[in-house]
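Observations on the three-dimensional arrangement
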Amino acid sequence: DAKTTQPTSMDCAEGRAANLPCNHSTISGNEYVYWYRQIHSQGPQYIIHGLKNNETNEMASLIITEDRKSSTLILPHATLRDTAVYYCIVRVVWTGTASKLTFGTGTRLQVTL
Amino acid sequence: DAGVIQSPRHEVTEMGQEVTLRCKPISGHDYLFWYRQTMMRGLELLIYFNNNVPIDDSGMPEDRFSAKMPNASFSTLKIQPSEPRDSAVYFCASSFGSGRSTDTQYFGPGTRLTVL
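Predicted model only: the values in this text are computed from it and were never measured.

Residues and elements named next belong to chain B. Scanning the model with the defined rule gives nine salt bridges over all chains in all. One salt bridge connects Lys-78 with Glu-18, and the closest N-O pair in it is separated by 3.8 Å. Here the residue Lys-78 occupies a position in strand E8 (residues 74-79), and Glu-18 occupies one in the loop between strand E2 (10-13) and strand E3 (19-24), the gap between them amounting to 60 residues. One connected set of salt bridges, linked through shared partners, spans Glu-62, Arg-64, Glu-83, Arg-85 and Asp-86.

Now the structure itself:
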């Protein structure tokens, strides 16, 4: 699976949009971009995923650049409960067996009042 | 749905003792994953099962670790004998039909293991 690069930490004011970048310059054509987050003392939680089109769900939006070498996770109105470590993961969806989630170090997002 | 259930939530044991961690996946999910998280190594996959059969155990650190899935609703991760360096949070996750883009993995709350 392609390697990803994320900033170590970011701050965001409550109510503002949080934009979390991820670089995956070696991504292959059959690799998806996934985002998970881990709130302190909890298990990781799925947020969103995409292949090449922008995606939106009730939690967030995912913007993938046209060349697919980077992406941005957007939390439109961050709240204190969004404080967590956010992981950007690139993975092949089907290789004949289950594809793994390889977690990097992620971005620690701190939402403040 | 109750989600992925893990027990115990906390385990404190002494070096050399056997430790058994338990996981009940979400009903209907056919993939089950065991992860370990430490400050030094982050979150790493240990082993995963498909339809109760171990598929990839390349992440299991050594022979002291073993995992079983006797049926679709139960899995165990056993450490025998335990060592202080095994102290970590162990997560279990399950998914449905891995191999599709929508095979979201759902994680349990984890078991915090401390080996003295």
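Residue and element names in this part refer to chain A. Mapped onto the elements of the fold, Thr-83 is located in the loop between strand E7 (70-75) and strand E8 (84-92). In this structure the C-alpha to C-alpha distance between Thr-83 and Gln-38, which are 45 residues apart in sequence, comes to 8.9 Å. In contact with Thr-83, other than residues within four places in its own chain, are Ile-39, Leu-109, Gln-110 and Val-111. In terms of polar contacts, Thr-83 uses its side chain to reach the backbone amide nitrogen of Val-111, at 3.0 Å.

In this section: the confidence of the model for chain A. Mean pLDDT over chain A: 91, with 92% of residues reaching 70 or higher. Across chain A, the element-wise mean pLDDT spans from 92 in E8(A) up to 98 in strand E6 (residues 61-64) of chain A.

For the rest of this paragraph, the subject is the nonpolar core. Counting 22 residues, the largest nonpolar core has Trp35(A), Leu73(A), Tyr86(A) and Leu109(A) as its most contacted members. Contributing elements (two or more residues each) for this core: strand E2 (18-23), strand E3 (31-38), strand E4 (45-50), E6, E7, E8 and strand E9 (107-112) of chain A. With four residues, the single largest contributor to this core is E8(A). By size, the runner-up hydrophobic cluster in this structure holds 21 residues, among which are Val4(B), Leu32(B), Ile47(B) and Tyr90(B).

All names here are of chain B. Here Ser-66 is to be found in strand E7 (residues 65-71). Separated by 18 residues in the primary sequence, Ser-66 and Pro-84 have C-alpha atoms spaced 17 Å apart. Residues contacting Ser-66, with those up to four places away along its chain left out, are Met-60, Thr-76, Leu-77 and Lys-78.

All names here are of chain A. The mixed open sheet is built from five strands, whose spatial order is E1-E9-E8-E3-E4. A single partner strand is all that each edge strand has here, and the edge strands are strand E1 (9-13) and E4. Each neighbouring strand pair of the sheet contributes to a mean axis angle of 25°, computed without reference to strand direction. Bridge count for E8 against E9 is three bridges, and the pairing is antiparallel. Paired with Ala-84 across the two strands is Leu-109, which belongs to E9.

Parameters and conventions
- Residues numbered from 1 in each chain as written.
- Chains lettered and ligands numbered in written order.
- Predicted model: local features only at pLDDT ≥ 70, side-chain atom pairs only at ≥ 80, totals over all residues.
- Heavy atoms only, no water.
- Salt bridge = Lys/Arg side-chain N within 4 Å of Asp/Glu carboxyl O.
- Helix = DSSP H or I, 4+ residues; strand = E, 2+ residues; numbered from the N terminus.
- Contact = heavy atoms within 4.5 Å.
- Polar contact = N/O pair within 3.5 Å; in protein donor to acceptor, adjacent residues only side chain to side chain.
- pLDDT = per-residue confidence, 0-100.
- Core = buried A, V, L, I, M, F, W, Y, C linked by side-chain atoms within 4.5 Å.
- Buried < 20%, exposed > 50% of the residue type's maximum accessible area, 1.4 Å probe, protein only.
- Pairing = 2+ DSSP bridges.
- Axes fitted to C-alpha atoms, helices over the stretch in contact; angles between N-to-C directions.

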